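Chains, contacts and geometry: an overview
What follows is the residue order along each chain.
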Number of protein chains: 2
Amino acid sequence: MASSTQRVTAAVLIIGNEILSGRTQDTNLSHLAKTLNGYGIQVREARTVPDIEEEIVDALNALRARYDYVFTTGGIGPTHDDITADCVAKAFGVPLVENDEIAAMLRKREAPPEIMAMRLRMARIPEGGDLIRCESGPPGFFIGNVYVMAGIPRIMQSMLASLDGKLRRGETLVSRGINAYVPESHVAKPLGELQARYPHIDLGSYPFYRNDRYGTTLIIRGSDGPDLHAMYDELWRLVEQLDGSPEDEPV
Amino acid sequence: MASSTQRVTAAVLIIGNEILSGRTQDTNLSHLAKTLNGYGIQVREARTVPDIEEEIVDALNALRARYDYVFTTGGIGPTHDDITADCVAKAFGVPLVENDEIAAMLRKREAPPEIMAMRLRMARIPEGGDLIRCESGPPGFFIGNVYVMAGIPRIMQSMLASLDGKLRRGETLVSRGINAYVPESHVAKPLGELQARYPHIDLGSYPFYRNDRYGTTLIIRGSDGPDLHAMYDELWRLVEQLDGSPEDEPV
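This part covers the overall build of chain A. Looking only at helices and strands, chain A has 9 helices and 12 strands in total. Taken along its principal axes, the extent of the C-alpha atoms in chain A is 75 × 45 × 30 Å. Residues counted as buried form 55% of the 251 residues belonging to chain A. For chain A, contacts bridging at least 24 residues in sequence account for 70% of all contacts bridging at least 6. Carbon and sulfur atoms provide 50% of the accessible area of chain A, an area that totals close to 11,000 Å². A gap of 2 Å separates the mean positions of the 26 positive and 35 negative side-chain charges of chain A.

Quick look at the environment of Ala103(B) now. Residues and elements named next belong to chain B. With respect to the helices and strands, the residue alanine 103 is situated in helix α5 (residues 100-107). Along the sequence, alanine 103 and methionine 122 sit 19 residues apart, while their C-alpha atoms lie 8.1 Å from each other. In contact with alanine 103, not counting residues within four places along its chain, are Glu98, Leu120 and Ala123.

All names here are of chain A. The tally for this structure, following the rule as stated, stands at 24 salt bridges over all chains. Residues arginine 66 and glutamate 45 are paired through a salt bridge, measuring 4.0 Å at the closest nitrogen-oxygen approach. Remark: glutamate 45 occurs in strand β2 (residues 41-49) and arginine 66 occurs in helix α3 (residues 53-66); sequence separation between them is 21 residues. Given the relative accessible area of 45%, arginine 66 is considered partly exposed. Since its relative accessible area comes to 3%, glutamate 45 is described here as buried. Across the salt bridge formed by lysine 189 and glutamate 193, the nearest N and O atoms sit 3.3 Å from each other. Linking lysine 189 with glutamate 193, this pair stays in helix α8 (residues 184-197), spanning 4 residues, or about one helical turn.

Phi at Ser245(A) is positive, roughly 45 degrees, even though this residue is not glycine. Positionally, Ser245(A) belongs in the loop between α9 (226-241) and β12 (247-249). Phi is positive for Asp212(B), which is not a glycine, with a value near 60 degrees. Turning to its location among the elements, Asp212(B) is positioned in the loop between β10 (202-210) and β11 (213-222).

A separate point is the interface of chain B and chain A. Across the contact, 54 residues belong to chain B and 54 residues belong to chain A. Across the contact surface, chain B and chain A share 4 salt bridges. Applying the counting criterion to the chain B and chain A interface returns 16 residue pairs in polar contact (both at pLDDT 80 or more). Of all the secondary structure elements, the ones that give two or more residues to the side of chain B that touches chain A are α1 (17-20), α2 (28-38), β2 (41-49), α3 (53-66), α6 (113-119), α8 (184-197), β10 and β11 of chain B. Broken down by element, the side of chain B that touches chain A gets its largest block of residues, 8 residues, from α8(B).

Before going further, it helps to spend a moment on the sheet that holds strand β10 (residues 202-210) of chain A. Residue and element names in this part refer to chain A. Strand order in the open sheet formed by 4 strands is β10-β11-β9-β12, and the pairing between neighbours is antiparallel. At either margin of the open sheet sits one strand with a lone partner, and together these are β10 and β12. Pairs of neighbouring strands in the sheet enclose a mean axial angle of 25 degrees, with direction left out of account. Here 7 bridges tie strand β9 (residues 174-180) to strand β11 (residues 213-222), and the two strands are oriented antiparallel to one another. Each bridged residue has a counterpart across the sheet, and for serine 175 the counterpart in β11 is arginine 221. In the packing of α9 onto the sheet, contacts are made with β9, β10, β11 and β12, and the angle to β9 comes to roughly 5 degrees.

With an RMSD of 0.0 Å, the fit of chain B onto chain A corresponds to turning through 180 degrees and sliding 0.0 Å along the axis. The transformation just described matches what one would write down for a two-fold rotation axis. In terms of C-alpha distance to the rotation axis, chain B has Arg47(B) as its closest residue, with the C-alpha 2.2 Å off the axis. Both copies present the same face, since 100% of the interface residues in chain B are matched by interface residues at the equivalent positions in chain A.

What follows deals with the pairing of strand β3 (residues 69-73) of chain B. All names here are of chain B. Buried residues dominate β3, accounting for 5 of its 5 residues. Burial along β3 is two-sided: Tyr69, Phe71 and Thr73 facing one way and Val70 and Thr72 facing the other are all buried. The pairing of strand β1 (residues 8-15) with β3 spans 5 bridges and is parallel. What sits directly across from alanine 11, in β3, is valine 70. Note: β3 against strand β8 (residues 146-149), 4 bridges, orientation parallel. Following the sheet pairing, threonine 73 is matched in β8 by methionine 149.

Conventions used here
- Residues numbered from 1 in each chain as written.
- Chains lettered and ligands numbered in written order.
- Predicted model: local features only at pLDDT ≥ 70, side-chain atom pairs only at ≥ 80, totals over all residues.
- Heavy atoms only, no water.
- Helix = DSSP H or I, 4+ residues; strand = E, 2+ residues; numbered from the N terminus.
- Buried < 20%, exposed > 50% of the residue type's maximum accessible area, 1.4 Å probe, protein only.
- Contact = heavy atoms within 4.5 Å.
- Areas by Shrake-Rupley, 256 points an atom, 1.4 Å probe, with all protein chains shown as cover.
- Lys, Arg positive; Asp, Glu negative; His and termini not counted.
- Charge placed at Lys NZ, Arg CZ, Asp CG, Glu CD.
- Salt bridge = Lys/Arg side-chain N within 4 Å of Asp/Glu carboxyl O.
- Polar contact = N/O pair within 3.5 Å; in protein donor to acceptor, adjacent residues only side chain to side chain.
- Pairing = 2+ DSSP bridges.
- Axes fitted to C-alpha atoms, helices over the stretch in contact; angles between N-to-C directions.
- Least-squares fit on C-alpha atoms with pLDDT ≥ 70 in both.

Structure follows, in C-alpha cells:
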C-alpha cells in the first residue's frame with residue numbers, strides 16, 4: 001500500500017512585477033493547485049518574484065531542490081522583460097538554444113527581420129529541455145523538474161492541460177466540507193481533539209457570516225479512504241450535537 | 001535627494017492550506033501591494049505556505065532578514081490550525097503571552113469556560129509585540145518588522161488601514177500606462193531600447209486581445225519625476241509611429 005499513499009509535491013513560481021505591484025490579480029495558483037491535485041500532484045508552496053534575474057534564479061534553485069516539480073508562470077513573451085527562459089537556463093547551468101519546431105512555427109507568419117528577431121526570442125529554450133504544447137501560440141518548455149508556462153491564464157491552462165498523463169502521479173487528495181452554524185470558538189476544542197485522532201487528515205476551519213448568522217466551514221482533506229469518510233461522519237455528528245444545523249459544503 | 005528616493009521593501013507571507021489547495025482564491029496580496037505602495041512601501045516578494053510550523057517559521061526567518069517589513073495573512077483564529085502566533089514567537093525566540101487588552105475584549109462576551117479558553121487563544125501574542133487595531137474583532141499584532149494580520153480580506157483590510165502613518169515611509173512609486181494596438185513582437189525591439197535608456201524605471205509589456213485586435217498594454221513604474229513623464233511621452237510617440245492608436249491606460 002506504500003505506493004498508493006505516496007505524495008508527489010510541487011511548488012508554483014509566479015514571475016512578474018505586475019503581480020507584486022497589485023495591478024494584476026493572480027488566478028493561476030488556484031487553477032494550478034486544483035488541476036495538479038487531479039493529476040496526483042500536491043502544491044505545497046508558492047512564491048511570487050519580480051522580473052529580476054537573480055531573484056528568479058535563486059527561487060528556481062531553492063524550489064526545484066525541494067519539491068518533485070516546479071511550475072512557473074509568466075515571463076515567456078518576446079519583450080525585454082521576458083527573462084524566464086534565460087533564468088531557467090542559468091539555474092540549470094546550460095545555454096539557451098533555438099528550438100527548431102518553435103522557430104518554424106513563429107516563421108510561418110511573415111514579418112520584417114527586426115520583428116521576426118524579437119518573435120524568435122520565444123523559440124529559445126534551455127539545452128536539453130522539451131516542449132509543453134499549447135492550443136494556440138508558441139509552446140512552453142520543461143527541463144528536469146521545472147515546467148515553464150505562460151502567465152496569461154487561458155494560455156497557461158492550455159499548456160497545463162497538455163501535461164495530463166505525462167507527469168509522475170502520486171495521490172489525489174479528497175476534500176469534504178460541512179457548514180456549521182456555530183461560531184468558530186464554540187467548535188474549536190472538539191475540532192482539536194478530532195484532528196488529534198486523525199493526524200493524517202488535515203482539518204481546517206474557516207469562519208463565515210451568512211444569512212445573519214455566524215458559522216464555520218469545516219474542511220477535511222486527505223487520502224480517499226474509510227478514515228476520511230469516518231472523520232466526516234464524526235464531524236457531522238459533532239456539529240449536530242452543538243445544534244449547528246450541519247449542511248454539506250460541496251468542495 | 002538620497003532620502004527621497006529611498007525604497008522601503010516588504011514581503012507578504014500568506015499562510016493557509018486553503019490557498020494551496022486552490023479552494024480559496026487569495027485577494028490579499030493585490031490589496032496589500034497597492035495599499036502599501038500608498039504608504040511608501042514596496043512589496044518585493046510573496047510566499048504562500050501551508051499550516052505547518054516548520055514551513056512558517058523558516059519562511060518568516062528568511063523574509064524578515066531580507067526585507068524591511070513582512071506582512072502575514074491568515075492563521076490567527078481560535079482553532080488548532082491557527083498557529084501563526086506560535087510560529088512568530090518561535091521565529092523570534094520569545095514566549096507567547098496573554099495580552100491583557102485583547103483578553104479583556106474577548107471576555108466581554110460571556111461564554112462557558114471551555115469556549116472562553118479557545119477564544120483566549122486569540123489573545124496570545126509574542127512577548128515584546130504590540131497590537132494592530134481592527135474595527136471589529138480582536139486585533140492582530142506586530143513584533144520587530146513582522147506584522148501579523150487576519151486572512152479574511154475585510155478584517156485584514158481594516159488592520160492594514162490602522163497602520164497608515166505608523167510605518168517607515170519610503171518612496172511611493174507611480175505607474176502610468178498606454179494601450180497600444182500593436183502586437184507585442186512589433187514593439188519589442190524599441191521597448192528594449194527605451195528600457196535601456198531609462199534603467200531606473202520598470203517598463204512592462206502585457207499582450208491583450210480586444211475588439212478583434214491584438215494589442216499590448218505598456219506599463220511604466222518608478223519614482224514620480226520628470227524622467228517618468230518623459231519616458232511616458234516617448235512611449236506614446238513610439239506607439240504613434242507604429243500606427244498603434246495609443247490610448248492612456250489608467251493605472
